Structure formats: structure tokens, C-alpha cells
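# Notes for the structure review
For reference, the chains in residue letters:
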Amino acid sequence: MTDPAEMITWLDRRIASAMTWLDDHGKGSKRPRPQHEIETKEYDIARFEEIKAAYVKALAKRDAA
């Protein structure tokens, strides 16, 4: 199994990457992409953040035990 700390780091990078994409290609950018692509990235960010929260919670629980 992947170490939870490593997974959290990976998720942070994915979230940052998707946010950068939104900055470059989102609604307020100079080169906006189609709405469905923007919505997909926003959905991805939300899911990555959910997964990260679960990993952080599990890691804290493991450390408390």
C-alpha cells in the first residue's frame, strides 16, 4: 500500500495542477476552454480534496493509536 503521507503529497500536486489549469483556461482567462472541460476540472478538484481529507483523517487516527 502507498504510504498515506506520499499519497497526500501526490493529491496536493494534482490539486495544484488542476487549479493552475483553471487559472490558465478557466472562465476568467484569456483562453477559456469549453464549459464542460472547466466543470470537469472543478469536479476533479473537489474529489481530490475529498480523498485528501479522508487520508488526513486516517493518518491522524493511525498516529493517535
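As a reminder, the structure under discussion sits directly above these lines.
Reference entry: report on the structure contained in this document. What you see is a predicted model; the values in this text were computed from it and never measured.

### Thoughts on the pattern of salt bridges
- A complete count under the given rule lists three salt bridges for this structure.
- A salt bridge links Glu-42 to Lys-27, with the nearest nitrogen and oxygen atoms 3.9 Å apart. On the criterion of sequence distance, the pair formed by Glu-42 in helix α2 (residues 35–64) and Lys-27 in the loop between α1 (4–25) and α2 is long-range, its members being 15 residues apart.
- According to the relative accessible area criterion, Glu-42 is partly exposed, its value standing at 35%.
- One salt bridge in this structure joins Glu-50 and Arg-47, with 2.6 Å as the shortest N-O distance. In this pair, Glu-50 and Arg-47 are both assigned in helix α2, three residues apart and thus about one turn of the helix distant.

Rules behind the numbers
Residues numbered from 1 in each chain as written. Predicted model: local features only at pLDDT ≥ 70, side-chain atom pairs only at ≥ 80, totals over all residues. Heavy atoms only, no water. Salt bridge = Lys/Arg side-chain N within 4 Å of Asp/Glu carboxyl O. Helix = DSSP H or I, 4+ residues; strand = E, 2+ residues; numbered from the N terminus. Buried < 20%, exposed > 50% of the residue type's maximum accessible area, 1.4 Å probe, protein only.

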